Amino acid sequence: MHAAREKVRVANALAELPKMSERFKRGELSYSKVRAMTRIATTDNEDYLLMIARHGTAHHVEKLVSQYRRCVRLQDTINANEQYKARELHYHYDENGSLVIIATLPAEQAAVIMKALDRAMDSLDTNADVPAGTSEHESISTQRADALAQIAETYLNTSPSTTSTADRYQVVVHVTPQTLKEGPPPDVPAGTPQKHPNPDPNLSHIEHAPHIAAETSRRIACDCSIIKLTEDENAQPLSISRKSRSIPPSINRALRARDQGCRFPGCTSTEFIDGHHIKHWADGGETSLENLVQLCRRHHRLVHEGGFGCERGVGGKVVFRDQRGEVLADWFRLPSIADEKNTVEWIEARISDVDIDSETCVPLTSAGEKMDWNLAVGHLFA
Ligand SMILES: [Zn+2]
Ligand SMILES: [Zn+2]
C-alpha cells in the first residue's frame, strides 16, 4: 500500500520535472534514485540532482536528499527561533490622540491573531439594514480596527457580552462634572468636527492616555461605574466616594429584558450593548427605564459624537433623528404569528397575486425592520 502511494507521489512529482522524467523514461535513472530525488527536486535544482545521480550511486543520492532535508528542517527551526526572538509590539499616540500599533509576530501567533480578527470582523454588524445615511461603507482596514477593539473587549469581558460595559472592566476616564454637563452647543450638532488646536487635557482624558472629546466622555459616562473624587485647589484628593453605577443592575436587567438589543432603527445587534440615557444623567436625566434605551457601540457613538438625535416623542415613543434633524423611519413589529388564527391564510394573503416587475425583489419592509423570529420559525412549522 505504502509502495503504491509512493509510486503515485513519484509520478506526480515527475510531471513537474521534464528533464528527470525524460532520463527516467530512457532508462538512464533507477527508480531508487528518482524516488529519492523527487522528494526535494524542483526545476531550479533538477540539473544539479541529475548530475549527482549520473556520477553517484542510489545510496549517494538518498544520503544527499536526507542530509538536505535535515538542513532545511534545521534552517526552519533557526528561522522559527529568530521569529520568536524578534517578536515585539510597539505603540505610540499620534498627534490627534489615536493609538498607532506596530507588531512583529512569529507565524503561529500571527495566524491566531489573524483568525481572531477574521472572526471578529464576521461578527461586526456592518451590513445591518439600517436607514440610508446612518452607516457608511467601511474599508477592510477600518473593520479590522473595530475587530481589534472587539477582541480586546471580549478578552476583558468576564461575564456574557450582552451585559453592559460597567459590569466587565474599567477604563478610567478623568472628567470634571462640568465637562459632563456641557452638552453640544445648541446650534452645533454634536458630530460637527470642531477645531481644537490645543484641547485642554483637564477637560477629560483616559488615564495614561491623551485627551478625549467631551462628548466621548458623556457617552462613556452613560453606562459606567463612577467614583467621585474631590480635590482641593492644588489638585490633591480630599475625598473619594463609594463606587456607584450610573445604571444600577436591577434597572439594567429590566432594560435588557425590554429592549433585547440595540433600539436604533433597523439595528439587530444584541452584543456589545450600552445603556444610553436619553436625557443625560449629568444634565439631570433620571436613571429610569423611561429615560434609558439600549444602543450598540456603533449607534451609541452615532448618537453622541455622530450628531444623531435620540429623544422621547409623542406617547413616550423613542425617536431617532439623523444629523439634519430628520426623524428616522422606525421599525415596526409585524403581527406575531401567535396572534394569527390561521398561519397559512395569513401568509397566502401576503403573497398571492404578485405581479413580477422591477420592484419585486425590493424588500417590502425597506426601513430595515427587525426580523420577526416568531413568524419566521412558525412558517417552518406551517
Ligand atoms: Zn449615551
Ligand atoms: Zn445598533
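Residues numbered from 1 in each chain as written. Chains lettered and ligands numbered in written order. Predicted model: local features only at pLDDT ≥ 70, side-chain atom pairs only at ≥ 80, totals over all residues.

Digging into the packing of helix H9 (residues 214–222) against helix H11 (residues 297–304)
The geometry of a pair of packed helices is captured by two quantities: the angle between their axes and the separation between those axes. Where H9 contacts H11, the axes come no closer than 9 Å and their chain directions differ by 135°. Relative to H11, H9 is oriented oblique. H9 and H11 meet at a crossing whose hand is right-handed. Across the interface between the two elements, Glu215, Arg218 and Arg219 of H9 pack against His300, Arg301 and His304 of H11. Class assignment of the residues belonging to the contact of H9 with H11 gives a composition of no nonpolar, two polar and four charged. (Axes fitted to C-alpha atoms, helices over the stretch in contact; angles between N-to-C directions. Helix = DSSP H or I, 4+ residues; strand = E, 2+ residues; numbered from the N terminus. Parallel < 35°, antiparallel > 145°, perpendicular 65-115°, else oblique. Left-handed = near helix turned anticlockwise from the far one by under 90°. Contact = placed C-beta atoms within 7 Å. Nonpolar A, V, L, I, M, F, W, Y, C, P; charged D, E, K, R; others polar.)

A word on the pairing of strand E2 (residues 99–104)
Taken across its six residues, E2 has zero buried, putting it largely on the surface. Judged from the six bridges that link them, strand E1 (residues 88–93) and E2 form a sheet pairing that is antiparallel. Its bridge partner lying in E2, Leu89 is registered against Ala103. Remark: five residues form the turn of the hairpin made by E1 and E2, two consecutive strands paired antiparallel; Gly97 in that turn has positive phi of roughly 95°. (Buried ≥ 20, exposed ≤ 12 C-beta atoms within 10 Å, placed from the backbone. Pairing = 2+ DSSP bridges.)

Some details on the confidence of the model for the protein
Mean pLDDT over the protein stands at 79; residues scoring 70 or higher make up 73%. Averaged pLDDT values for the elements of the protein fall to 64 in strand E7 (residues 237–240) and rise to 95 in E2. Contacts of residues 192–199 to residues separated by more than four positions or lying in other chains number two contacts, the stretch itself having pLDDT below 50. (pLDDT = per-residue confidence, 0-100.)

A closer look at the nonpolar core
One finds Cys262, Leu295 and Cys296 to be the most contacted residues of the largest nonpolar core, which totals 17 residues. Not counting chain neighbours up to four residues away, the residues in contact with Cys262 comprise Cys267, Ser269, Ile273, Gln294, Leu295, Cys296 and His299. Listed in part, the 13 residues of the second largest apolar core include Met20, Met37, Ala41 and Ala53. (Core = buried A, V, L, I, M, F, W, Y, C linked by C-beta atoms within 7 Å.)

Some details on unusual backbone geometry
Among all residues save glycine, negative phi is the norm, and among peptide bonds the norm is trans. Although it is not a glycine, Gln260 adopts a positive phi angle of roughly 50°. Structurally, Gln260 can be placed in the loop between helix H10 (249–259) and strand E9 (273–277). Look at Gln260 and you get partly exposed, because 13 C-beta atoms sit within 10 Å. Even without glycine at this site, Phe272 takes up a positive phi of about 55°. Structurally, Phe272 can be placed in the loop between H10 and E9. When the 22 C-beta atoms within 10 Å are taken as the criterion, Phe272 is described as buried.

Brief notes about the environment of Leu180
Locating Leu180 in the fold gives a position in helix H8 (residues 177–181). Since 21 C-beta atoms lie within 10 Å of it, Leu180 is described here as buried. Along the chain, Leu180 and Arg219 lie 39 residues apart, while their C-alpha atoms are 9.3 Å from each other. For Leu180, the residues in contact, after removing those within four places along its chain, are Val175, Ser217, Arg218, Ala221 and Ala282.

Some thoughts on the environment of Ala282
Residue placement: Ala282 occurs in the loop between E9 and strand E10 (292–296). A tally of 20 C-beta atoms within 10 Å means that Ala282 is categorised as buried. For the pair Ala282 and Ser246, spaced 36 residues apart in the sequence, the C-alpha separation amounts to 10.0 Å. Ignoring sequence-local partners within four residues, the contact set of Ala282 consists of Pro177, Leu180, Lys181, Arg218 and Ala221.

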